Structure formats: C-alpha cells, structure tokens
Amino acid sequence: MHPVDLARAFEKLPSPVFLMEEGCFLDCNQAVLDLLGMDSKEALLGKRPEAISPPLQADGGPSSEMVSRHLNALAEQGWVRFEWQHLTRQGEVLILEVTLTEFQCRHQRILLGGWQNLTPHRQAEARIQELLTSSQKLAAQLPGVVYQYRVDAQGQASFPYASPGIATIYGTTPEAVKQTAEPVFQVLDPRDKARVAASIAASAESLEVWQDEYRVQHPQKGEIWVEGQATPERLPDGGCLWHGYIFETTQRKKIQAQVEESELRFRQLAENTEVVFWVRTAREMLYINPAYESIWQRSCQSLYDQPDSFLESIHPQDLPRVQAAFSHLPEAQGYFDETYRIIRPDGSHRWIHARNYPVLNERGELERMAGIAADITREEEARQHLQEQQKALAASNAELEQFAYVASHDLRQPLRMVNSYLQLLEKGLGPKLDDRHRELLDFARGGATRLDQMLLSLLEYSRVGRKGEPQECMSSRRGLDEALQFLQPDIQASQADIAIQSDHWPELVVSSNEYTRLWQNLLSNAIKYTLRGQPPRIQIGFEPLREGWRFYIRDAGLGIDPGQQDRLFKVFQRLHPRGEYEGTGVGLAVARKIVERHGGEIWVESAGEGQGSCFYFYLPGASVSKSNNQSD
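Residues numbered from 1 in each chain as written. Predicted model: local features only at pLDDT ≥ 70, side-chain atom pairs only at ≥ 80, totals over all residues. Heavy atoms only, no water.

**Overview of the overall build of the protein**
A tally of regular secondary structure across the protein gives 19 helices and 22 strands. Taken over 632 residues, the protein has a buried fraction of 38%. Across the protein, every contact between residues at least 6 apart in sequence was considered, and the portion connecting residues at least 24 apart equals 52%. Accessible surface, the protein as shown: approximately 37,000 Å² in total, 52% of it carbon and sulfur. (Helix = DSSP H or I, 4+ residues; strand = E, 2+ residues; numbered from the N terminus. Buried < 20%, exposed > 50% of the residue type's maximum accessible area, 1.4 Å probe, protein only. Contact = heavy atoms within 4.5 Å. Areas by Shrake-Rupley, 256 points an atom, 1.4 Å probe, with all protein chains shown as cover.)

Have a look at this one:
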C-alpha cells in the first residue's frame, strides 16, 4: 500500500489510534483529538502521556511511574493492554483501555496504540452500584424484610435475597435462608402454616400477587403478627420467584382490637342510653342511636332516608327559630344549641335540648357533625313550676314588706297617743300618785318607748331596697369613712382603737346610703359589745375572694357562743339582756338584707364568749356587679 494511502486510512479510522516515539506522541488520528477535545495535533504531539494525565492513576500509582512500568512490559512482551486515565482539554477524566504494540520503521522503534473509551461503561457501572447500595441501605432501614423467595422446579424453597430486617420478622439471618427456607417455615404459627403454604402455591400457579397476614412464633419476641405481599414471575426452569416485602402488624392488631372493643362499648352505651346521639354530614346521617325512636316515636330509618326530617316534629311556635339556627350551621362552624318542643305522632309534647358539635379535618374544614339531644320535659316542667313558685314567693315577700312598712309606720301614731295620755295622766295625778303607781307608769312609758324603737327598726328593715336608690360605682372605703363620721361621738366616748387596712380599697357597685348603713350597723355593734372596763379594739380590712372582695370587722369584745350564731341575723333576736346593752335586735338583720340585695353573703366567726368576734361580708367586684346589673 502506498504510504499516502496508509496515512489516509490512519486518519479515517473511527477508533482513536496514535503513534509514539521515545515515550512521546508522534502522530494521532482525528478520533484521538475528538476524544481529548483538542482542536489540532500540535496540542498533543511531542507530549508524554503523563502530561495529559492526572497525577495519580485509579490504583493510586503516580502516572509517570506507571508509564515507565507499562513501557517496560511492552518491551518484554511485544504488546500490552491496560486501563489508563487521561484528561481532556476541559479537565474531565477519561477512563480508557489502552492497547500498545511496537514495530521498526527505518531503524526506529515506533509504538502503535489504540484507545477504547470505557468512561460511559464505568459511569453506568458506578450508577448501578450506587443504586444497588442505596437500595440495600433503604431495605436495611425498612421496618420489615425486603426479599426474593424462590421455589425451583423440584419444589426446593429458598430466599436468594433478604434484607437484614428478616431478623425482626423471623428471628433468622439472610445467610441462613439463602439455600433453604426451612428456618422461616419452622417459626410460622402451626395454626397458620398450612394456609400460608396453600396461598403461596396458589400464587405460583396463577402468577397473581401473593398477600397474606399470619402469626409467627418469634424466638425472641414471642407471638407476633406479620403481613406480606409479593409479585411472582415464572423462571426458565419452571420454578417461581417472588419479589416482596413483609412487615410486622402486631401493634396494628392490638390497636384494631382496642378499636373494636371501644366501638363495642360505644354501641352498648349509645344503644342503651336515654340520650339521642348522632353523627352526620350536611347531607347524610351516618349514625343515630335507638333513643331517637323512644323520644320522637319515629324510626331511625326516617333520618337515614331524610336527615332533616326531624324538623317536621318541631312545634310550630319553635320551628322558625330552630330552622334559622339550623340554616346557619356552616357559618357557625357546625355549632347548634337549641331548646324546643316536639309533637309526637300520638299528639303528646316533649321538651328537647339539642346540641351539635363540629368535627374538623386537618385543614380546619367542617367534615362532619356530632350531636346529642336529651328529653328535658320533666326538668322543663319543674323549672316552670319553680318559676311560678318564685313569682308567688316574690309577691308574698312584697306583700309582707308592704305590711311591715305599713304596720311599723301606722302603729306609731296610736303609740304616740298612748305616750301622750300617759304623760297627761302623770301630770294630772302627779301629787296623788304613790311610788307604786309611779313605777307602773314608768313601766308603761318605757314599754311604749321600746315599742316605738322596735317599730322604727322594723321600718328601717322594710325600707332596704324600697327607696329605689340607684347603684353607683364607688370606692369601698367611702362608705366606711361616712360610717366612721356618723359614729364619731360613740368612738370618742368609748375611746375605741380602730385600725384600718391602708391598701388601695377596691371599687364596688352599690347603693351608697345602704352600703354606708351596712358599715354603720357592724361598727356600732363592735363598739357596743365590748368587755367592761376595756376600750374597744377593732381591725378593719379586706381581701380578694372569688370574683369579688371579702371585708371583715374583727373585735376583741364579748364574743359569741357558736350555738347562738345562727340567731344573729334574724329580726328582733338579741343575745344579751336589754338592761345590759341597748338595741332592738334588728341591726344585723338589716346588714344581712343589704348584703344579700347586693348579691353577697355575710357571716360571723367567734371562738366563744370572751374571745372576740369577726364579722365577714362578701360583695362582688365592680366588673361582676356591672355585668349582673346589665343582664338584669
């Protein structure tokens, strides 16, 4: 062949070929340049192989030393083949299979070489290996076993592949079942073993997906439940290979049993309670318990057919209100709370209290509703009866208060007449009266005076809450200060020592005059009922309690027998003889009436006679009183 033709053939070869002399590139074809990403031969010729190679080869050897080693092998063998890494002009690593041989040309030793690009194959192998490694890692992390199960043409079973999770399912290792499946079948529960074997055989025959749930007697964990699924394929030898996954379902089984038990208990409760219970959507009744039939005297099936048919039973006077509330369920997020009457098929009426509650999904949207309805006919009748009794009692109390007011007011006129005539009688018979008759006149005059005081006290008692004085928000200290001012003569005369809590006193909503009278009556008693020869010592303060304030007046006076404390707040009840301490026995009854009118309580505590007493009264705070007044 002519040298020119040989050169042309060299250039046209599709595979990369090159010539080397004295360890340097002498010539190359276009395929070499294309592979290395070079524009011309000048970029390559004259260079040694290590000049376009990374410093180290894949096996870790320096490129310069590896070149010398392969050239020496070539000299000994006459040809050589090895893998080599070159760098493209862009710096990318090429994995090449290099073939070198030598020949003599004009007494010169020339090397002829060729490259096969292994880079795509190596990259594909690396990706496959990476995918395989990832799959094995994933299989190892799964809570179960990923496996291949094989039954050959002779019926021998084995697991060619099983992830490490097989230990959690069957208590064995992948190596122990690679040649035989006996370690797995040994731990299958005897109650399930035949059924599992039959399901595998059926899958092998039909090539349909195998799926089963069964028990395993695990060597460490005892009895567990597992579930498996595998896809079969027919092998060339007539056997069958399944690719599948088995996981433990023991916890699910326990939860399922608990749910079934819970559902059973729910149904036992729902079907034996007198309260109607339902679960529904806007358009469908999902569950209604039998109590509906006993209360409404209509079938549950009627609600399953028409969920809103219960509206047909509602009393015409209540229906518009219930329909309005029911139509606004979406806006109310499913909330419904109504009391209404129903008319049953036999014409009887029942009172119903129904409540509906929303069940929201994870997005906060109304998914369904649950509700209860109770027959409150007896409670409603009792409430109406109680209201009638309260009205009657209120009317009776009003009449009694009016009677007390009229009696105490009108009886004073004839009493004043009696006093006047007694005075005239004493004046007219003055010189003629002996000591006995004067004493009798004194008794009559004293009785009339006491009766007048009692009528005045009764009049004061009846006037509490009758004057129509409006309530106002005021400092609780103001009423105390006014009472102290009114009692100043008694305080000075008795040399009373009064200590008042200096904190900022709370605000109350009260009738000013009545509130002042309350303090005045309690303070007057604390000053009056003291031990002989000792000045009164009184402590006054307050403390927060519930939604209001508890005030107290503590004295070191006579004290009260615990057995007598229940009498203190009743009208005309006295614990001491009239000759020892003045009074009518109405002051504490007035205090009680004032406190109760303001929504409070009053009580006394004492360790006994001579141990002092502490009177407490509780009144709501200003905010509570305002809300109560507004609701009234």
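**Digging into the sheet that holds strand β17 (residues 497-500)**
With mixed pairing, the five strands of this open sheet are ordered in space as β17-β19-β20-β22-β21. Strands with a single pairing partner mark the edges of an open sheet, and in this sheet they are β17 and β21 (601-605). The average angle at which neighbouring strand axes cross in this sheet is 15°, direction not considered. Lying on the sheet, helix α17 (residues 512-528) is in contact with β19 (537-545), β20 (548-555), β21 and β22 (613-620); it crosses β20 at an angle near 25°. (Pairing = 2+ DSSP bridges. Axes fitted to C-alpha atoms, helices over the stretch in contact; angles between N-to-C directions.)

**Examining the packing of α17 against helix α18 (residues 587-597)**
Put simply, α17 and α18 touch, their axes get as near as 9 Å, and they point 145° apart. Crossing of α17 against α18: the hand is left-handed. Together, E514, R517, L518, N521, L522 and N525 of α17 and G587, L588, V590, A591, I594, V595 and R597 of α18 make up the contact between the two elements. Taken together, the residues of the contact of α17 with α18 sort by class into seven nonpolar, three polar and three charged. (Left-handed = near helix turned anticlockwise from the far one by under 90°. Nonpolar A, V, L, I, M, F, W, Y, C, P; charged D, E, K, R; others polar.)

**Some remarks on the sheet that holds strand β4 (residues 93-105)**
Spatial strand order, β2-β1-β5-β4-β3: five strands in an open sheet with antiparallel pairing. Two strands lie at the open edges of the sheet, namely β2 (24-28) and β3 (79-87), each paired on one side alone. Pairwise comparison of adjacent strand axes, ignoring direction, gives a mean angle of 35° for this sheet. Judged from the nine bridges that link them, β3 and β4 form a sheet pairing that is antiparallel. The partner of L87 across the bridge, within β4, is V93.

**Side note on the pattern of salt bridges**
The full count for this structure, using the stated rule, is 34 salt bridges. The salt bridge involving D189 is made with R191; its shortest N-O contact spans 2.8 Å. The buried category is assigned to D189, whose relative accessible area is 2%. Note that R215 is salt-bridged to D192, the shortest N-O span being 2.9 Å. (Salt bridge = Lys/Arg side-chain N within 4 Å of Asp/Glu carboxyl O.)

**Remarks on the packing of helix α15 (residues 476-486) against α17**
Running from amino to carboxyl end, α15 crosses α17 at an angle of 55°, the nearest separation of the two axes being 8 Å. The angle between the axes of α15 and α17 places the two elements in the oblique class. Every pair of crossing elements has a handedness; the one defined by α15 and α17 is right-handed. Within the contact between the two elements, α15 uses S476, R478, G479, L480, E482, A483, L484 and F486 and α17 uses S512, Y515, T516, W519, Q520 and L523. Taken together, the residues of the contact of α15 with α17 sort by class into seven nonpolar, five polar and two charged. (Parallel < 35°, antiparallel > 145°, perpendicular 65-115°, else oblique.)

**Description of the pairing of strand β5 (residues 108-117)**
Consecutive side chains along a regular strand alternate between the two faces of the sheet. For strand β1 (residues 17-21) and β5, the ladder comprises four bridges, and the chain directions are antiparallel. Note that in β5 the partner of M20 across the bridge is L111. Here β4 runs beside β5; their pairing, made up of 10 bridges, is antiparallel. Looking at the pairing, E102 lines up with L111 of β5.

**Some details on the packing of aromatic side chains**
As enumerated under the stated definition, the model contains 24 aromatic pairs in all. Relative to W115, the ring of F18 lies with its centre 5.2 Å away and its plane at 50°, an arrangement referred to as tilted. Residue F18 is found in strand β1, and its partner W115 is found in strand β5; the two are separated by 97 residues along the sequence. Assigned by exposure class, F18 and W115 land together as buried. A centroid spacing of 6.4 Å and a plane angle of 50° characterise the contact between F277 and Y287, whose relative ring orientation is tilted. (Phe/Tyr/Trp six-rings, centres within 6.5 Å; stacked < 30°, edge-to-face > 60°.)

**A word on the nonpolar core**
Core analysis: the largest hydrophobic core is formed by 36 residues, its most contacted members being Y515, W519, L522, L523 and F617. Those elements that place two or more of their residues in this core are α15, β18 (507-510), α17, β19, β20, α18, β21 and β22. Here this core gets seven residues from one element, more than from any other, and that element is α17. Excluding its chain neighbours within four sequence positions, the residues that come into contact with W519 are S476, G479, L480, A483, W505, I540, F551, I553 and F617. Grouped together as the second largest cluster of nonpolar side chains are 27 residues, Y147, A157, A162 and V196 included. (Core = buried A, V, L, I, M, F, W, Y, C linked by side-chain atoms within 4.5 Å.)

**Description of the side chain of N361**
On the secondary structure map, N361 appears in the loop between β14 (349-360) and β15 (366-375). Taking the relative accessible area as the measure of exposure, N361 reaches 13% and is therefore buried.

**Thoughts on the confidence of the model for the protein**
Looking at the protein as a whole, its pLDDT mean stands at 84, while 85% of the residues score no less than 70. Within the model, the stretch residues 624-632 combines pLDDT values under 50 with seven contacts to residues more than four positions away or in other chains. (pLDDT = per-residue confidence, 0-100.)

**Thoughts on unusual backbone geometry**
A positive phi is found at E22, a non-glycine position, where the angle reads about 55°. The residue E22 is located in the loop between β1 and β2 in this model. By relative accessible area, which is 69% here, E22 ends up exposed. Despite not being glycine, Q297 has its phi angle at roughly 60°, a positive value.

**Examining the pairing of β15**
Note that strand β11 (residues 276-280) and β15 share five bridges and pair antiparallel. Residue pairing across strands places F277 opposite I372, the latter belonging to β15. One ladder, built from nine bridges, connects β14 with β15; its direction is antiparallel. By the bridge assignment for β15, R355 is matched with I372.

**Some details on α15**
Of the residues making up α15, those classed as buried are S476, G479, L480, A483 and L484. All buried residues of α15 project into a common sector of 140° when viewed along the axis, lining one side. Turned more than 90 degrees away from the buried face of α15, the exposed residues are Q485 and F486. (Arc of directions from axis to C-beta.)

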